[in-house]
Structures are given as structure tokens and as C-alpha cells.
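# Structure at a glance
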Amino acid sequence: MPNLTQKLLSAHCDKDTVYPGDLIQAKVDLVLGNDITTPLALREFFAAGFRRVFDPERIVLVQDHFVPSKDIKSAEQSMMVRQFAREYRITHHFDVGSAGIEHALLPERGLVVPGDLVIGADSHTCTYGALGAFATGIGSTDMAAAMAIGEVWLRVPEVMKVVLTGNRSRWVSGKDIMLAIIGRIGTDGARYMSMEFQGPLVAELSIDERMTISNMAIEAGAKAGIFQPDEVTMEYLKHRAKRPPRLYTSDADAIYQEELVMDVTGMEPVVALPHSPDNVRQISEVGEIPIDQVVIGSCTNGRYSDLEMAARVLRGKKVNPNVRLIVIPATQQVYLDAMRAGLLEVFIEAGGVISPPTCGPCLGGYMGILGPGERAVATTNRNFVGRMGHAKSEVILASPFVAAASAVMGRVAAPWEVAS
Amino acid sequence: MRRGRAWVFGDNIDTDAIIPARYLYTTDPAELAQHVMEDIAPGFAGRVRPGDIIVAGRNFGCGSSREHAPLAIRASGISCVIARSFARIFYRNSINTGLCIVESEEIPNEVQQGDDLELNAEAGILLNLSRGTVHRIPEQPAFVREIIEAGGLLPYVKRRLADD
Ligand code: SF4
């Protein structure tokens, strides 16, 4: 009777079956940290007197938020991580040159496989649910403890079953589907729950799109957002997976706390207006909203297929003179692939700039900070007050199609206004 | 015993609002505390007094996993956060780092900005001295209490390692 979440979690603790509400001590397959959360974890790790890590191959450190270092203080934080990685012989330390946004990087490198339990000191760790792993964000103290003992305390979550169904129109992407779900249930609609995505539409979703959907499970308050592995997953893992996958499936009579059916038939692309990811509108309803900047990137939509979507709209077009277009390939590999396929040319000829892989403006770090009163359309995941810069700036969340069309039109725009 | 004035906030106070990412170049709690709530309540850090209590609505601490958020709140002098509900990462970060949090549907309905509050966590009681009201606060699960009693997650883990 167990659902996928129960199976994944019981496989990592000493109980045969776990139930929602159980507090378990679970063994982790990977512990992840970045250049912002790792320094805090290290401070705690050393203050507690730890001098060993449980397994240097199971700790992944990614320098992605403020690199290449944006200022002296962030350079110092990166140095801390670098030195620790060297001294403790951390196998997977990704620095400038090999790095990229963590949640695009780990799957790309085959570091996460189905059946894993991954914890990361970053809330979008839930992205790896796309591969059939139980992956969830934790804090720096959790990271410090897990680096020492390879375990984490977890409360077994209730599960929300999300059935994806229907036929989507060509401009509707995984981003739109997830925004529509969040718009429907709200930013705490799945609070504390594990979302399990099922239904006939799943087979049509690429791993990239599934990652976009799982990535934003946290924006509905969820602890995890999981897809059952299928042929698409296995194809993605081929030549990539560093460890053998463990495939679990939900039992047919599994119990769910809630069930939601998302039928995409007739759906339009959507956007989330300021200042909440659940402030969702159909693209044809938004009216005239002028913009100053467009950001295409992030762990939500910075993978190759996302850049490809944007290029499909931008090819042969010019970015509106009032708009700054910033394109950020999520990893070095995405950058290289986009270059070889001529996508970077499309962006540059349109009048956009290409940033090296980084989180950059997504969290208001650098590389495209908004000033007072400025407004951006971004393919990122959060549009909270001040997220991309000044407290009086605004972020509108959208798919790569919509972001690209908006860059050309100088206002929030539908893809069909620009491309056919 | 924790006593102070109430600072009332609404629903969905996210961790970017608690401590904007532009200050995440440091892990120093005192430095972080200077910017706590800056974008949604300018001047908050300067006016908060030791012992004060935040009273908020639903989903407090949603968004980023940054532990800088509970650290900044605690270092600002806030002695406890009472909310209708907490986002899960903020919830566990608070337990792990020793920020007192209380989940209550009822208290946020009845407390006004500036009320004089006294929290006795051990007895499970919150007094609203401005209004003369008493509220029960729910008990934490045993495992969570163990972490809190140990002084946070790391002392707890160390004790466990020593027992093994
Ligand atoms: S791209 Fe944005 S959301 Fe993703 S890890 Fe970086 S800062 Fe966080």
C-alpha cells in the first residue's frame, strides 16, 4: 500500500514501512551545499568539534551563487569552501570552470540517481525528484550534521498526488504547468507535503521539464516533488549515472492525503505577477505591462532545452530597445551545447548578453540587479519583494517562450505575438 | 521566561524578506541582524528590543533554505516567533539552531502590534499583559524537544555519537 515517498524513505532508515508523521533518522546518499550555505555549515561543523566527514565522495559542494566572486566578502566565503574541499578531499567540489547552478549540474553529471535520498542546503534541492529520488532542502546545521554522520532527521510527509493529464498546446511548457498548479493551490498549498506527479501527461514531459516542475514544488511549500522513474528517466541516465538506480513505484492502492487533477487541455501559457509565485494569470489576461529586463536562466529554466525554447522565439528578432536581455546557461555543458548549436549567436544577434553559469540575478546577487521601480520578466522561481534587487523592483515569473517574447515586445507578451 | 513587545506580520513572510540575499556574503549573526526585515519593515532592526516577539500569519519563513534567517532574527534580540504556520525548512532550521518558535492558530488572531507579551515555554503558556489574556501553546513532539533540550542539532548529534 505504500506510496513512492514512503518507499523511498523506508529504504533509507531501519523501518520496513514508514507512515506520515513518523520522525525518522535517515541515511543520505548525497549531501549538497553551495557557496552561501556551506560556509555557515562549516562554521557549525568546526564549532561542534567535528574533524571528519562521513564519506568524501558523498558530499557535493557547488560554487554557484556569487561566483565568479562578485565582491571581497563573497570571495572569502568561496575560499572557505575551496580550502575545506581540498583538506577533506571532497571528490565533488565544483568551482569556476567546472561549476554551474547546482540543481542543473548534479543531474547532468549523473550524481543523482533514482532511489536516492538527497539533502541539500538549498531549498531547490527538490529538483531531483524529477529523477525519482527523494530530495529535499535543509539548513546549514543539518548539512553540518549530515556531513559528519551521513544521516538526517526527517518527518515522513503526507503526500499530495498530482495527476497531470490532457493535451497541451505548443507554447505550454513544464513551467506553465507548475505555475498553474501553484496558482491553484497557493504557496502553502502543499506545505509540508511530498507531491507525487503522475498521470498520462508525464510520459510526454522531458526530464528537463520534469526538473522545472519538481524544482518549484518548494514554491507550493512542499518538501519534495517526485516523478516515478520511467523510460524517459532511464534514457536520460544512460551514459550518465554514476551509481546504479533503485527503482521504486507507488502501489496501486497507495494512500494520499490529497489529490489534484491538472488538465492542461486548452491551457494558455501563464505568468506569476509580483510578488508571489501563486499570483498566476493567463498570458492573454495580463494586459499592457512594460518591462526593463528579461532574465533567462536559473535552476528552474537554465538548461539546454530552455535556451532552445527561448531561441525558437528570438531567432532573427531584435530585443526591444527598452529591455536588457540577460541569458545565463546553467552549466558549462549547457553553455557549450548552446554555443555549438548556434543558440548563443541567436541571443547575441538579438541584442542579448550571455553570462557565465551562475545564480546571479535570480536571488539578487549580481549580474542584472534591478533598480527602484524596475520590472523584469524572469524564468526563475521566486518573485518575492526585493528578490532581484531593490525592494521597489518587480519580478514576473514566466517560461522561456514568454520571457523571450517579452524581450522582443518590451512588455509581457505571448510567444505567438513574436513567432509562428 | 521571554518577555517583550509584539511585532505583528502577515502571511507568507519569506526568507528573502527576513534577510535579503544581498547580505548573504557573511555568516556573522550580528551583521545579519542589522538587516533583518529590512525590505518589508524598514527600521525594524533598529527598533527591536531584546525579548520582543514576532507574531505572524501563515507560512512564515517560506522560500530559500538560508539558515541566516533564523540566525538574523535571533541575533536581532527577538526571543520567539509565533506564527499560524511555518514553512518546513525554516521550522527545522529554527529547531536545529535554537530559535524559539510556536505554532498557534489562535494567538495571531488576538495579538496586536506592540502588545506586551510574556512567554513561559516550559509551562506552555503565553500571557498577553496588555490585554490580560492567557493562551495555551501546543507541545512539541518528543524528538524535537530532545534536540531543543540538547541545545540544538549539533550538540544532540554529538551526544548520540558519544552514546554509540
Ligand atoms: S538559480 Fe536561483 S533558485 Fe536556483 S539555486 Fe540559484 S539562487 Fe537558488
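Remember, predicted model here, so these are calculated numbers, not experimental data.

Grouped together as the largest cluster of nonpolar side chains are 86 residues, with contacts concentrated most on Met37, Phe44, Ile54, Phe60 and Ile73 of chain B. Counting residues per element, this core draws most heavily on helix 5 (residues 140-149) of chain A, at 7 residues. Mapped onto the domain boundaries, this core takes at least three residues apiece from domain 1 (4-243 + 256-262) and domain 2 (271-417) of chain A. When residues no more than four places from it in sequence are discounted, the contact partners of Ile54 of chain B are Trp7, Phe9, Met37, Phe44, Phe60, Ile73, Ile78, Cys80, Val81 and Ile82 of chain B.

Contact residues are listed per partner, giving 50 residues for chain A and 41 residues for chain B. For the pairing of chain A and chain B, the buried interface totals around 3,800 Å² over both sides, and the portion due to carbon and sulfur atoms is 59%. Per-residue buried area on chain A facing chain B is highest for Thr141, Trp153 and Arg191 of chain A; these three make up 17% of the total on that side. Here chain A and chain B share 6 salt bridges between them. Of the charged contacts in the structure, one is a salt bridge between Lys73 of chain A and Glu31 of chain B, with a shortest N-O distance of 2.7 Å. At the junction of chain A with chain B, the criterion picks out 23 residue pairs in polar contact (both at pLDDT 80 or more). Within the residue set of the side of chain A that touches chain B, elements represented by two or more residues are strand 1 (23-27), helix 2 (37-47), helix 3 (72-87), strand 6 (134-137), helix 5 and strand 7 (151-155) of chain A. Residue classes in the side of chain A that touches chain B are distributed as 22 nonpolar, 16 polar and 12 charged.

Another aspect to go through is the domain arrangement of chain A. Residue and element names in this part refer to chain A. On domain assignment, one finds that chain A holds domain 1 (4-243 + 256-262) and domain 2 (271-417). Taking only C-alpha atoms into account, the centre of domain 1 sits 24 Å from that of domain 2. At the junction of the two partners, domain 1 supplies 37 residues and domain 2 supplies 39 residues. Summing both sides of the interface, domain 1 and domain 2 together bury roughly 2,900 Å²; the carbon and sulfur share of this comes to 63%. The largest per-residue losses of area from domain 1 upon contact with domain 2 belong to Ile101, Trp171 and Lys175, which jointly make up 24% of the total buried on that side. Summed over the shared surface of domain 1 and domain 2, the result is 1 salt bridge. Elements that contribute at least two residues to the side of domain 1 that touches domain 2 include exactly helix 4 (102-108), helix 6 (174-185) and helix 7 (207-215). No other element matches helix 6, which puts 6 residues into the side of domain 1 that touches domain 2. Taken together, the residues of the side of domain 1 that touches domain 2 break down into 15 nonpolar, 14 polar and 8 charged.

A separate point is the side chain of Lys7 of chain A. Residues and elements named next belong to chain A. Summarising the element assignment, Lys7 is placed in helix 1 (residues 4-10). Among the polar contacts made by the side chain of Lys7, one reaches the main-chain carbonyl oxygen of Thr249 at a distance of 2.7 Å. For Lys7, the residues in contact, after removing those within four places along its chain, are Pro2, Tyr248, Thr249, Ser250 and Asp251.

What counts and how
All residue numbers refer to position in the chain's written sequence, counted from 1. Following the order in which they are written, the chains are lettered starting with A and the ligands numbered starting with 1. Side-chain atom pairs in this predicted model are given and counted only at pLDDT of 80 or more, local residue features only at pLDDT of at least 70, and totals for whole chains, interfaces and linings cover all residues. Heavy atoms from the whole structure form the basis of all side-chain values; hydrogens and water molecules are not counted. Here, nonpolar core refers to any group of buried Ala, Val, Leu, Ile, Met, Phe, Trp, Tyr and Cys residues whose side-chain atoms link them within 4.5 Å. Residue exposure (1.4 Å probe, protein chains only): buried if accessible area is under 20% of the type maximum, exposed if over 50%, otherwise partly exposed. We count a stretch as a helix when DSSP gives it H or I for four or more residues in a row; a strand needs E for two or more, and each element gets its number in order from the N terminus. Each domain's limits were defined by an automated method or a database of domain assignments. Any pair of residues with heavy atoms lying within 4.5 Å of one another is described as a contacting pair. By buried area we mean the combined loss of accessible area, with a 1.4 Å probe, across both parts when two parts are placed together. Put simply, a salt bridge is a Lys or Arg side-chain nitrogen that is within 4 Å of an Asp or Glu carboxyl oxygen. The definition of a polar contact used here is a pair of N or O atoms within 3.5 Å, where within protein one atom must be able to donate a hydrogen and the other to accept one, and adjacent residues in sequence count solely through side-chain atom pairs. Following the grouping adopted for this structure description, the nonpolar residues are Ala, Val, Leu, Ile, Met, Phe, Trp, Tyr, Cys and Pro, the charged ones are Asp, Glu, Lys and Arg, and the polar ones are all others, Gly among them.

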